[in-house]
There are 2 protein chains.
Amino acid sequence: MNLIFATQNSHKLSEIQHLLGNSFQLTSLKDLGFTDDIPENQTTLEGNALEKARFIFSKFNQSCFADDTGLEVEALNGDPGVYSARYSGLLSDFGSEKMRSLANIQKLLVALENQPNKNARFRTVIAFITNTGNEFLFEGIVNGQIVKELKGDEGFGYDPVFVPDGYNQTFAEMSLSEKNKISHRARAFNCFHDFLSLNNTF
Amino acid sequence: MNLIFATQNSHKLSEIQHLLGNSFQLTSLKDLGFTDDIPENQTTLEGNALEKARFIFSKFNQSCFADDTGLEVEALNGDPGVYSARYSGLLSDFGSEKMRSLANIQKLLVALENQPNKNARFRTVIAFITNTGNEFLFEGIVNGQIVKELKGDEGFGYDPVFVPDGYNQTFAEMSLSEKNKISHRARAFNCFHDFLSLNNTF
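The sections below set out a description of the structure shown in this document. (Residues numbered from 1 in each chain as written. Chains lettered and ligands numbered in written order. Predicted model: local features only at pLDDT ≥ 70, side-chain atom pairs only at ≥ 80, totals over all residues. Heavy atoms only, no water.)

## What to know about the overall build of chain A
Counting its secondary structure elements, chain A contains five helices and seven strands. Rg of the C-alpha trace for chain A: 17 Å, near the compact-globule value of 17 Å for 202 residues, within the 12% margin. The principal-axis extents of the C-alpha atoms in chain A amount to approximately 50 × 35 × 25 Å. Counting the 202 residues in chain A, one finds 49% classified as buried. At a minimum sequence separation of 6, the contacts of chain A that also span at least 24 residues come to 55%. Accessible surface, chain A: about 10,000 Å² in total, of which carbon and sulfur atoms supply 46%. Separation of charge centres in chain A, based on 18 positive and 25 negative side chains, amounts to 1 Å. (Helix = DSSP H or I, 4+ residues; strand = E, 2+ residues; numbered from the N terminus. Rg over C-alpha atoms; globule rule 2.2 N^0.38 Å. Buried < 20%, exposed > 50% of the residue type's maximum accessible area, 1.4 Å probe, protein only. Contact = heavy atoms within 4.5 Å. Areas by Shrake-Rupley, 256 points an atom, 1.4 Å probe, with all protein chains shown as cover. Lys, Arg positive; Asp, Glu negative; His and termini not counted. Charge placed at Lys NZ, Arg CZ, Asp CG, Glu CD.)

Below you can see the structure in the form of structure tokens.
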């Protein structure tokens, strides 16, 4: 089965190709010669994932999917959520990705400083549009705690301060394959993978 | 959301009600005054789950789902699979459920006696039919090993000889809540739950 993955991030494409396995051939936007930015202006993960998938579907009229991920902190009423990547307010073309992540983490730790409740969850939503235009959403969640001290060099984003429930390490202390067994993204893509495998009429 | 669960097993109904949560009200066949047997004559888990859901949909024309589960052993080319509950050949009204399970386990251990490869997986398939007749399948898998010696009194079926990957205990040595975190059935119902929550137009 051929699917367009609505992302301009080639690293993400190869990671998801690995998660979905060889029965599914992902077409990148680069393969299609499409280099425009993809709009992502909604206020929910569901909205963003759908907006991106609909945008690409409107261009190519082929089966496609998009995802969006956020960190939802209980004591902050679900913030930074859909704004996770730009929480600090730094523009996305300012500095390195690593630097922007550190600025986001710093803002988060300040916001939680006098807050005993450190419950948080990572959530990924996938929007899938079939070649006939039917839309489906899939979700993956991992619950955990925000810790004060940054630990580990793996992963990205908030990984150095997120300890998933049942573990003593942050996501950034785990190898990619360890993280992939339990992560929000892996869970969402497992659901999506199984759904595609079992409903092979798209 | 109201859903008919195509099962005559009231224990299973309350377990699945718990897994799906309060946003979904399960209607039992008993609630509907329907006490007939549900046909289950296919040669795959997918086929059985669909057959059961289609049968109930044809009677009531409402959103409904059914599931089927099997133990698939690698060295036995996926057997007992769809025949897991009746592997020993004992009729389903012969003796107690416990006794039939022990007969099934005994047959399995004999079949694997001279077989170094003990890889096995439990697999659950859920078939869901929307009130407009659209059909969807969901899957949950847990990989593990068959062990020679029966251990534990919890659970049912092959649980006393199945050790899931990453654990040292059989499923029958785990509490229901422990097993529910990692089991094939929980995984399938998590996917189904998320799908229902996110695609709330059925």
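From this point, the narrative continues.
## Regarding unusual backbone geometry
Residue and element names in this part refer to chain A. For the peptide bond that leads from D79 to P80, omega is -5 degrees, which places it in the cis range. Examined against the element boundaries, P80 turns out to sit in strand β4 (residues 80–81). Located in the positive-phi region is N77, a residue other than glycine, with phi close to 55 degrees. Within the element layout of this structure, N77 appears in the loop between β3 (64–73) and β4.

## As for the layout of surface pockets
Put simply, the largest pocket is a space of about 2,000 Å³. Lining the largest pocket are 44 residues, and of these K181 and R187 of chain A together with K181, I182 and R187 of chain B sit closest to its centre. For the lining of the largest pocket, the secondary-structure elements that each account for two or more residues are β6 (135–146), α4 (176–182) and α5 (184–198) of chain A together with β6 (135–146), α4 (176–182) and α5 (184–198) of chain B. When the residues that make up the lining of the largest pocket are grouped by side-chain class, the tally is 18 nonpolar, 12 polar and 14 charged. (1 Å grid on protein atoms, 1.4 Å probe; cavity = no way out; pocket = protein on both sides within 12 Å on 5 of 7 lines; lining within 4 Å. Points joined across faces, edges and corners; volume = space filled by probe spheres on them. Nonpolar A, V, L, I, M, F, W, Y, C, P; charged D, E, K, R; others polar.)

## Quick word on the relation of the copies chain A and chain B
These two copies of the chain differ by a rotation about an axis and a displacement along the same axis. With an RMSD of 0.0 Å, chain A superimposes on chain B once it is rotated by 180 degrees and translated 0.0 Å along the axis. Both chain copies can therefore be described as sitting about a two-fold axis. Distance from the rotation axis, computed per C-alpha, reaches its smallest value in chain A at C191 of chain A: 2.7 Å. Both copies share a contact surface, since 100% of the interface residues of chain A are interface residues in chain B too. (Least-squares fit on C-alpha atoms with pLDDT ≥ 70 in both.)

## A few points about the pattern of salt bridges
Residue and element names in this part refer to chain A. Applying the stated criterion to the full structure yields 18 salt bridges over all chains. Here D159 and K179 are joined by a salt bridge, their closest N and O atoms 2.8 Å apart. Of the two residues, D159 sits in the loop between β6 and β7 (162–164) while K179 sits in helix α4, which places them 20 residues apart along the sequence. Side by side, D159 and K179 carry an identical accessibility label, which is buried. Taken together, the shared-partner salt bridges in this structure form one network comprising E46, E72, R121, R123 and E139. (Salt bridge = Lys/Arg side-chain N within 4 Å of Asp/Glu carboxyl O.)

## Notes on the packing of helix α1 (residues 10–20) of chain A against α5 of chain A
All names here are of chain A. In the contact formed by α1 and α5, the axes pass within 9 Å of each other and the chain directions differ by 55 degrees. The angle between α1 and α5 falls in the class oblique. Considering only the axes of α1 and α5, their crossing is right-handed. Taking contact as the criterion, the partners of E15, I16, L19 and L20 in α1 are, on α5, R185, A186, F189, F192 and H193. When grouped by side-chain class, the residues that make up the contact of α1 with α5 number six nonpolar, one polar and two charged. (Axes fitted to C-alpha atoms, helices over the stretch in contact; angles between N-to-C directions. Parallel < 35°, antiparallel > 145°, perpendicular 65-115°, else oblique. Left-handed = near helix turned anticlockwise from the far one by under 90°.)

## Focus on the pairing of strand β1 (residues 2–5) of chain A
Residue and element names in this part refer to chain A. Pairing of β1 with strand β2 (residues 25–27), which is carried by three bridges, proceeds in the parallel orientation. Counterpart to I4 in the pairing with β2 is T27. In this fold, the crossover linking β1 to β2 by way of α1 has right-handed handedness. In this sheet, β3 lies alongside β1 in parallel orientation, the contact comprising two bridges. When the bridges of β3 are listed, I4 appears paired with C64. (Pairing = 2+ DSSP bridges. Right-handed = clockwise from strand over helix to strand, strands pointing away.)

## Remarks on the interface of chain A and chain B
On the chain B side, the residues contacting the 11 residues of chain A number 11 residues. Buried surface at the junction of chain A and chain B, both sides included, amounts to about 1,100 Å², of which 64% is carbon and sulfur. Taken as a group, L137, E139 and L198 of chain A account for 45% of the area that chain A buries against chain B, more than any other trio of residues on that side. The interface formed by chain A and chain B includes zero salt bridges. For the interface between chain A and chain B, the tally reads two residue pairs in polar contact (both at pLDDT 80 or more). Residue assignment for the side of chain A that touches chain B shows that the elements contributing at least two residues are β6 and α5 of chain A. For the side of chain A that touches chain B, the element with the highest residue contribution is β6 of chain A, accounting for five residues. (Buried area = accessible area lost by both parts, 1.4 Å probe. Polar contact = N/O pair within 3.5 Å; in protein donor to acceptor, adjacent residues only side chain to side chain.)

Taken by themselves, the reported measurements are silent on function.
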